[in-house]
Amino acid sequence: MKEKIIEKVKKALALANNNKNPNEAQAAMLMAQKMMAKYHIEMQEVEEIEEAEVQENEVNVKKGSWRKSLMKVICNNYRCDCFLRGTTGKRIIIVGAKEDIEIAKTIYEFAENQLLDGFNSYFKNNYEEYTEIQIKNAVRKDYADGFIRGLNEKFAKQKEEETKKNEQYALVVTNKKVEKYMEKLNITGHYRPRENSSFTDPYAFVSGRDKGLNMRDLHSYIEEGN
């Protein structure tokens, strides 16, 4: 059953990725969260299950503080958490059950690609081809911060709506063992996304946020593929 839910999540993301529609691609991530929650709710209803033991999994990410912020949002919405280890800021440690970590990493890679595709389109339409690299990097961060903010808001809205339908939803999208594990760690490199920042291009932030917020429900689209 655990392998089945992982395959369903990967298939959902593949379907959306092939569609090349940014709104549908991001909505697929929300649908993946629903599938995970549904799986855990069903397992609790049919049998008494013990949460798998949590473990650490190290991930090396490319330069860019927004990547750490994106990982944090993904982990917090897919039954995991994460923190930094080392002085370079490139080593992210994901904490969670083995299967949940695999899903979170898959979602992160998918989200990162979709974010960069959206930014590249925005930059191409609004800037000259030979714009200085420093400006491009700054505008990319503005777009990414907006995308992540919108996606996080969308996750929060989905959690609220689904919890009204089934109160267990709020419980299964988090893992209590992960929370306890993080509480016991004496973490000095725990990354927390900045809430406020100055912008090189505020329109890039707004455009990115809109991409994260304006997503239609892909339930029927994904169910047809499964």
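Residues numbered from 1 in each chain as written. Predicted model: local features only at pLDDT ≥ 70, side-chain atom pairs only at ≥ 80, totals over all residues. Heavy atoms only, no water.

**Q** What am I meant to see in the overall build of the chain here?
**A** Regarding its fold elements, the chain presents 9 helices and 3 strands. Taken from N to C terminus, the helices and strands of the chain fall in the order α-α-β-α-β-β-α-α-α-α-α-α. Of all 226 residues assigned to the chain, the portion counted as buried reaches 45%. In the chain, the proportion of contacts linking residues at least 24 apart, taken out of those at least 6 apart, comes to 80%. Accessible surface for the chain amounts to roughly 12500 Å². Of this, 46% is attributable to carbon and sulfur atoms. (Helix = DSSP H or I, 4+ residues; strand = E, 2+ residues; numbered from the N terminus. Buried < 20%, exposed > 50% of the residue type's maximum accessible area, 1.4 Å probe, protein only. Contact = heavy atoms within 4.5 Å. Areas by Shrake-Rupley, 256 points an atom, 1.4 Å probe, with all protein chains shown as cover.)

**Q** Looking at this structure, I do not really get the confidence of the model for the chain. What am I missing?
**A** A low pLDDT means the predicted coordinates there should not be read in detail. When pLDDT is averaged along the chain, the result is 76; 65% of the residues meet or exceed 70. When pLDDT is averaged over each element of the chain, strand β3 (residues 91-96) comes out on top at 91 and helix α9 (residues 219-225) at the bottom at 39. Scored below 50 in pLDDT, residues 215-226 makes 29 contacts in the model with residues more than four places away or belonging to other chains. (pLDDT = per-residue confidence, 0-100.)

**Q** Help me understand the sheet that holds strand β1 (residues 55-60), please; the structure alone is not making it clear to me.
**A** Sheet strands pair by backbone hydrogen bonding; their relative direction is either parallel or antiparallel. Strand order in the open sheet formed by 3 strands is β1-β3-β2, with antiparallel pairing between adjacent strands. Taken across any chain shown, the strands that pair with only one partner, and hence form the sheet edges, are β1 and β2 (81-84). The mean inter-strand angle of the sheet, taken between neighbouring strand axes irrespective of direction, is 30°. Contacts from helix α3 (residues 65-77) reach β1, β2 and β3 within the one sheet, and its direction differs from that of β2 by about 150°. (Pairing = 2+ DSSP bridges. Axes fitted to C-alpha atoms, helices over the stretch in contact; angles between N-to-C directions.)

**Q** Honestly, the environment of Ile 74 in this entry has me stumped. Any pointers?
**A** Relative to the helices and strands, Ile 74 resides in helix α3. For Ile 74 and Phe 155, which are 81 residues apart along the polypeptide, the C-alpha to C-alpha distance reads 9.5 Å.

**Q** Help me understand the pattern of salt bridges, please; the structure alone is not making it clear to me.
**A** Pairing between side chains of opposite charge can happen when the charged atoms of each approach one another. One pass over the full model with this rule turns up 10 salt bridges. For the salt bridge of Lys 177 with Glu 53, the shortest nitrogen-to-oxygen distance reads 2.9 Å. A residue pair is termed long-range when its members are at least 10 positions apart, and Lys 177 in helix α7 (residues 176-184) and Glu 53 in the loop between α2 (22-46) and β1 qualify at 124 residues. In this structure Lys 177 comes out as partly exposed when scored by relative accessible area, which is 23%. Arg 209 serves as the salt-bridge partner of Glu 153, at 2.8 Å between the closest nitrogen and oxygen. Of this pair, Glu 153 sits in helix α5 (residues 133-165) while Arg 209 is found in helix α8 (residues 202-213), placing the two residues 56 residues apart along the sequence. By relative accessible area, Glu 153 is classed as partly exposed at 28%. For Arg 209, a relative accessible area of 28% puts it in the partly exposed group. (Salt bridge = Lys/Arg side-chain N within 4 Å of Asp/Glu carboxyl O.)

**Q** Can you help me understand the packing of aromatic side chains in this one?
**A** A ring pair, where both rings are aromatic, is described by two values, the distance of the centres and the angle of the planes. Here the structure, examined in full by the defined rule, presents 6 aromatic pairs. The lysine or arginine in question, Lys 136, covers the ring of Phe 123, its NZ or CZ lying 5.3 Å from the ring centre. (Phe/Tyr/Trp six-rings, centres within 6.5 Å; stacked < 30°, edge-to-face > 60°. Lys NZ or Arg CZ within 6 Å of the ring centre and 35° of its normal.)

**Q** Please explain the nonpolar core as it appears in this structure.
**A** One broad rule of soluble globular proteins: the nonpolar side chains tend to lie buried together. Residues Leu 70, Met 71, Ile 74, Tyr 78, Ile 94, Leu 115 and Ile 148 are the most contacted members of the largest nonpolar core, which totals 33 residues. Counting only elements with at least two residues in this core, the list comes to α3, β2, β3, α4 (98-126) and α5. With 10 residues, α4 is the largest single contributor of residues to this core. Sequence-distant contacts of Ile 148, that is, excluding residues within four places in its chain, are made with Trp 66, Ser 69, Leu 70, Val 73 and Leu 115. Listed in part, the 6 residues of the second largest apolar core include Phe 83, Val 95, Val 178 and Met 182. (Core = buried A, V, L, I, M, F, W, Y, C linked by side-chain atoms within 4.5 Å.)

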